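As a plain string of letters, each chain reads:
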Amino acid sequence: MTTKELKQKSVEYRKKILKYIVKAKAGHTGGSLSCTDILNVLYNEVMNVSPENFTSPDRDRYIQSKGHTVEALFVVLADQGFFPEEDLETLCQYKSHYIGHPTRKVKGVEQNTGALGHGLPIAVGTALAGKLDQKNYKVYTLMGDGEMPEGSNWEAALTAAHYKLDNLCVIVDKNTLQITASTADVCNTDPLDEKWKSFGWAVKEVNGNDVDALKEVLQSLPFEEGKPSVLIAHTTKGKGVSYMENVLKWHHGVPTKDEYEQAIKELDESLLTI
Amino acid sequence: MAEQINTLPYKANLEVYSETLQRLAETDRNIIAVTSDSRGSGKLVPFGKKYPDQIIEVGIAEQNLVGVAAGLASCGKKVFATSPACFLTARALEQIKNDVAYSNNPVNVIGISAGVSYGALGSTHHSLHDFAALRAINNITVVAPADNWETAQAIELAANIDEPVYLRFGKKPMPLLKENNNEKFEFGKGRVIAEGNDVLIIGCGETVYPALEAVQILKEKGIAATVVSMHTIKPLDTALLARLASTCKAIVTVEEHSIYGGLGEACASYLLQHGICKPFKIVGIPDEYTVTGSQGEIFDHYGINKEGISKVVEALLK
Ligand SMILES: Cc1ncc(C[n+]2csc(CCOP(=O)(O)OP(=O)(O)O)c2C)c(N)n1
Ligand SMILES: [Mg+2]
């Protein structure tokens, strides 16, 4: 896609994320909007995965460790043709398979996540299998910055470096907020790049809401031969909706009708300046 | 009866937990809440504002939370390790087993939004295994208060006993089960909420109220029911259980937990081993991929409501 098309896609995704969150009266709004551009670039530009090859052992794998922002994933998977978008009308409803976290009952979802700190170990196992079977697929996992303190992440980080898993890429959605407060105030993990480096990972940083920059950096994997890669993506929580940006309550806030209309208006207007 | 008590004011037990903790902290500087980005879900934001030195935040790291709590408790702090029940009793189970129970550090492990309170967030966020897991661990009392009164009493008691306790709450406002006439609350002592000779219904936590509601339906069908709030799952009030079970015609247990390993199996195991054999049915969440929905929808789906409980009773008495 051209830069313009990618940017338009992000706006389209953001509008749909909000639409289905409002419909479900539940969802993780801020963190879905912060990672929208990352998912857009991964699925449209970087990964080799589609409804057609989803059962192929050679496909690229995406494991969303920050499972709570499932709305972003579901909207992107629907757009990729994994299931009809109308299915999302049932999000979080009685008997629906579309629940508030990724589940494998939904086509396109690799792993059931939602408890933080689980994605990376599974991704490490998946990448290890790729090495053992001499496959060329890559494994991507998206993590939250608030998720960093879970110890399991760092256990898996050691394993990944030990086995030189350069087919593995972690993307940290560094939107600087979690539920209680800013990540710096809850449990400071800075300097984050130094931590990953000291664990044997190759680190790059990017503006995680810039599709061009994301495309360029994600097409340069592995960042270093023989090392797992981590991309620290600096993002804005609530990106694209003025009153949500960097505002704590939108972690799982659901817009009212008026707020929703205002958000859609802003997103539509942003299309004009692309 | 259920209609009358329904009119009394009520809140979520979680809310009562937070208020009680604040009240205790007013006069006790040793009360410490430990959280893992969970103070909002635990309704502890006002507590944190009022007593900033009495809340420790560890970030999203539940194993660390329980370990840190154990260390604090070993130094005389009255610790309330507060996080969603699903994470505490799964991810941090080894810390509960070794650092709290085995090492006898008197931590109060507070499992918030327990059972299927998180509804459509799915199985990662449900705790339907916590009674089973903790019943199999020595030296921890396992409690699921049913109403606001039991909750306040349980928190106060937990703060002042020097033993590991696990308490779990939901998010739903819970009506008072009965008006309270200077009743004494003790861990390990069930409360008789309604009395009747035909059937014994035993619940805990948020399932006691629907059991009480079922009493009315059953009454209309000529069936008299006893309802017990068995708030302490371990140690079980076996004296009360044996006494009531001996005189009834059938027994039904109701819990917001897997039908495996929880309140129902605890009762069944005791009764069978003591020669008290009556028609018996465990109502709970069956061993299957849990249906999607709100807590209420999940309850209805599995018959954890007055109609469902009444039906089970009728079938047993047939
Ligand atoms: C093990 C575990 N603990 C707690 C939670 C509850 N929880 C869901 S989202 C969240 C905050 C996540 O913050 P962050 O990782 O920064 O995500 P983002 O800002 O991208 O939404 C918490 C504590 C969880 N899902 N899993
Ligand atoms: Mg964050």
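It should be emphasised that the depicted structure is a prediction, and the values quoted were computed from it without experimental measurement.

### Concerning the overall build of chain A
- If you tally the helices and strands in chain A, you get 10 helices and 5 strands.
- Whereas a compact globule of 274 residues would reach a radius of gyration of roughly 19 Å, chain A reaches 18 Å, a difference of no more than 12%.
- C-alpha atoms of chain A, sized along the principal axes, occupy 50 × 45 × 40 Å.
- Within the span of chain A, comprising 274 residues, buried residues form 58% of the whole.
- Expressed as a percentage of contacts within chain A between residues at least 6 apart in sequence, the contacts between residues at least 24 apart total 75%.
- Here chain A has roughly 10,800 Å² of accessible surface; of this, 50% comes from carbon and sulfur atoms.
- If the 31 positive side-chain charges of chain A are averaged to one point and the 38 negative ones to another, these points end up 3 Å apart.

### Some remarks on the coordination of the magnesium ion (ligand 2)
All names here are of chain A.
- For the magnesium ion (ligand 2), the full set of protein donor atoms is Asp145 (OD), Asn175 (OD1) and Leu177 (O), and the range of their distances to it is 2.1 to 2.2 Å.
- Mapped onto the sequence, the residues coordinating the magnesium ion (ligand 2) show the spacing D-x29-N-x1-L. The pair formed by Asn175 and Leu177 is uniform in burial state, with each residue classed as buried.

### Notes on the sheet that holds strand 3 (residues 78-84) of chain B
Residues and elements named next belong to chain B.
- Judged by pairing direction, the sheet is mixed, and its 7 strands sit side by side in the order 2-1-3-4-6-5-10 without closing on themselves. At either margin of the open sheet sits one strand with a lone partner, and together these are strand 2 (55-57) and strand 10 (232-234). Taking the axes of each pair of neighbouring strands and ignoring which way they run, one obtains an average angle of 20 degrees across the sheet.
- Contacts from helix 8 (residues 148-160) reach strand 1 (31-35), strand 3, strand 4 (108-112) and strand 6 (165-168), with the element oriented near 130 degrees to strand 3.

### Side note on the UniProt feature "domain: Transketolase N-terminal" (unreviewed entry) in chain A
- With numbering matched to this structure, UniProt assigns "domain: Transketolase N-terminal" (unreviewed entry) to residues 19-264 of chain A.
- Here residues 19-264 of chain A runs as 35% helix and 12% strand, with 9 Å between its end C-alpha atoms.

### Considering the side chain of Thr141 of chain A
- Mapping Thr141 of chain A onto the fold places it in strand 2 (residues 139-144).
- Thr141 of chain A has contacts with Ile63, Ser65, Gly119, Leu120, Ala123, Cys169, Val170 and Ile171 of chain A, leaving out every residue within four places of it along the chain.

### A closer look at the site of ligand 1
- Residues in close proximity to ligand 1 total 24 residues, the closest being Lys66, His68, Asp145 and Lys237 of chain A together with Glu62 of chain B.
- Residues lining ligand 1 come from chains A and B.
- His68 of chain A is positioned with one of its side-chain polar atoms (N or O) 2.7 Å from an oxygen atom of ligand 1.
- The protein chains hide 96% of the 590 Å² of surface that ligand 1 would expose on its own.

### Focus: the interface of chain B and chain A
- Counting from both sides, the interface comprises 22 residues of chain B and, opposite them, 27 residues of chain A.
- Summed over both partners, the interface of chain B with chain A buries about 2,000 Å², with 55% contributed by carbon and sulfur atoms.
- Our enumeration of links across chain B and chain A arrives at 1 salt bridge.
- Inspection of the chain B/chain A interface yields 12 residue pairs in polar contact (both at pLDDT 80 or more).
- Among the residues making up the side of chain B that touches chain A, the classes are represented as 8 nonpolar, 8 polar and 6 charged.

### Considering the pairing of strand 12 (residues 280-285) of chain B
Residues and elements named next belong to chain B.
- Bridging between strand 11 (residues 250-258) and strand 12 involves 5 bridges; their strand directions are parallel. Paired with Ser258 across the strands is Ile285, a residue of strand 12.
- The parallel pair strand 11 and strand 12, bridged by helix 11 (residues 263-273), forms a crossover whose chirality is right-handed.

### A closer look at the packing of aromatic side chains
- For the structure on display, the rule yields 14 aromatic pairs over all chains.
- Between Phe54 of chain A and Phe82 of chain A, the ring centres sit 5.5 Å apart and the planes meet at 80 degrees, which makes this aromatic pair edge-to-face. Taken as a pair, Phe54 of chain A in the loop between helix 3 (36-46) and strand 1 (61-64) and Phe82 of chain A in the loop between helix 4 (70-79) and helix 5 (119-132) lie far apart in primary sequence, 28 residues in all. Here the two residues Phe54 of chain A and Phe82 of chain A agree in accessibility, since each one is buried.
- Each ring, one from Phe185 of chain B and one from Phe187 of chain B, has its centre 5.9 Å from the other, and the planes form 80 degrees; the classification is edge-to-face.
- Note on Phe187 of chain B: relative accessible area 16%, which makes it buried.
- The rings of Trp154, Trp196, Phe199 and Trp201 of chain A are connected pair by pair, giving a single aromatic cluster.
- Geometry around Phe54 of chain A places Arg59 of chain A over its ring, the cationic atom sitting 5.0 Å from the centre.
- The ring centre of Tyr289 of chain B lies 4.1 Å from the NZ or CZ of Lys105 of chain A, which sits over that ring.

About the criteria used
Residues numbered from 1 in each chain as written. Chains lettered and ligands numbered in written order. Predicted model: local features only at pLDDT ≥ 70, side-chain atom pairs only at ≥ 80, totals over all residues. Heavy atoms only, no water. Helix = DSSP H or I, 4+ residues; strand = E, 2+ residues; numbered from the N terminus. Rg over C-alpha atoms; globule rule 2.2 N^0.38 Å. Buried < 20%, exposed > 50% of the residue type's maximum accessible area, 1.4 Å probe, protein only. Contact = heavy atoms within 4.5 Å. Areas by Shrake-Rupley, 256 points an atom, 1.4 Å probe, with all protein chains shown as cover. Lys, Arg positive; Asp, Glu negative; His and termini not counted. Charge placed at Lys NZ, Arg CZ, Asp CG, Glu CD. Donors = N, O, S within 2.8 Å, 3.2 Å for Na, K, Ca; no water. Pairing = 2+ DSSP bridges. Axes fitted to C-alpha atoms, helices over the stretch in contact; angles between N-to-C directions. UniProt positions renumbered as here; feature names shortened; annotations may be inferred. Near = heavy atom within 4 Å. Polar contact = N/O pair within 3.5 Å; in protein donor to acceptor, adjacent residues only side chain to side chain. Buried area = accessible area lost by both parts, 1.4 Å probe. Salt bridge = Lys/Arg side-chain N within 4 Å of Asp/Glu carboxyl O. Nonpolar A, V, L, I, M, F, W, Y, C, P; charged D, E, K, R; others polar. Right-handed = clockwise from strand over helix to strand, strands pointing away. Phe/Tyr/Trp six-rings, centres within 6.5 Å; stacked < 30°, edge-to-face > 60°. Lys NZ or Arg CZ within 6 Å of the ring centre and 35° of its normal.

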